Amino acid sequence: METCLRVISQEEFQVSSWSGGTTTQIAIGPKEAQYAHRNFDWRVSSAVVELEESDFTALPQYERWITVLEGEMVLRHGQGEQVTLTFGRTHSFDGGAETKSWGRCRDFNLMLKKGACDGTMTVLSGCAGQEQMICAERKETVVCYCYEGTFCMSQGDDSAFAGPGQALILEGNWKQAKWKAQTDAKAVFCRIWNR
């Protein structure tokens, strides 16, 4: 696959309802996969949680990463310790764990199929001009969701810009790229690679 860097606009997002609110799918791999069929390798999404208390859907085939864009969320897996999430803090857990949440919020999720791929989630929050080089040691997909401000990503001679509510995706056989906050910005940065 050739390297592809592009903007994912809000018109491409897929919005669906669940028992506690709405979910917005930002990107999924492979592209023809469907969340309902559980045939995806990875998925990036955001959910609005409208209930004060809710149960997470069990996804035993997946590892999950989560953070909060708005509000606050408290999670507990089984009888384990509670985890409090606010903007800037990420948390990873087994998608098959019995998970309860408390708090109305807007969260952000990365799901990774066990045995198929790995990944990380990082929250970016910085002033205009902040930039960073990223390097790929293997075939890797990057999804950067811009929550506030404007972000730019460049790879080779290609550049793409995302404003509030848009995402950037970089995929294919690339080795080095760079992101830059064009204005005071907040974003969630997901890196996904095949095992």
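See above for the structure.
Residues numbered from 1 in each chain as written. Predicted model: local features only at pLDDT ≥ 70, side-chain atom pairs only at ≥ 80, totals over all residues. Heavy atoms only, no water.

### Concerning the sheet that holds strand 19 (residues 185-194)
Quick note on the threshold: Only when DSSP finds a minimum of two bridges between them are two strands counted as paired. Strands are runs of DSSP state E lasting at least two residues, helices are runs of H or I lasting at least four, and both sets are numbered from the N terminus onward. Only the stretch in contact is used when fitting a helix axis, every axis being a line fitted to C-alpha atoms; angles between N-to-C directions are given from 0 to 180 degrees.
With antiparallel pairing, the five strands of this open sheet are ordered in space as 1-17-14-19-12. Each edge of the open sheet carries a strand with a single partner, namely strand 1 (4-8) and strand 12 (117-126). Strand-to-strand twist of the sheet, defined as the mean angle between neighbouring strand axes without regard to direction, takes the value 15°. Pairing geometry for strand 12 and strand 19, over 10 bridges, is antiparallel.

### Let's talk about the state of the cysteines
Where we set the bar: Any pair of cysteine sulfurs within 2.5 Å is marked as a disulfide. Exposure classes here rest on a 1.4 Å probe applied to the protein chains alone. A residue is buried below 20% of its type maximum, exposed above 50%, and partly exposed in between.
For the coordinates displayed, the defined rule picks out zero disulfides. In this model Cys117 remains outside any disulfide bridge; the closest cysteine sulfur is found in Cys190, 12 Å from its own. The thiol of Cys190 is not disulfide-bonded; the next cysteine sulfur, from Cys144, is found 8.6 Å away. Of the residues examined, Cys190 reaches a relative accessible area of 0% and is grouped as buried.

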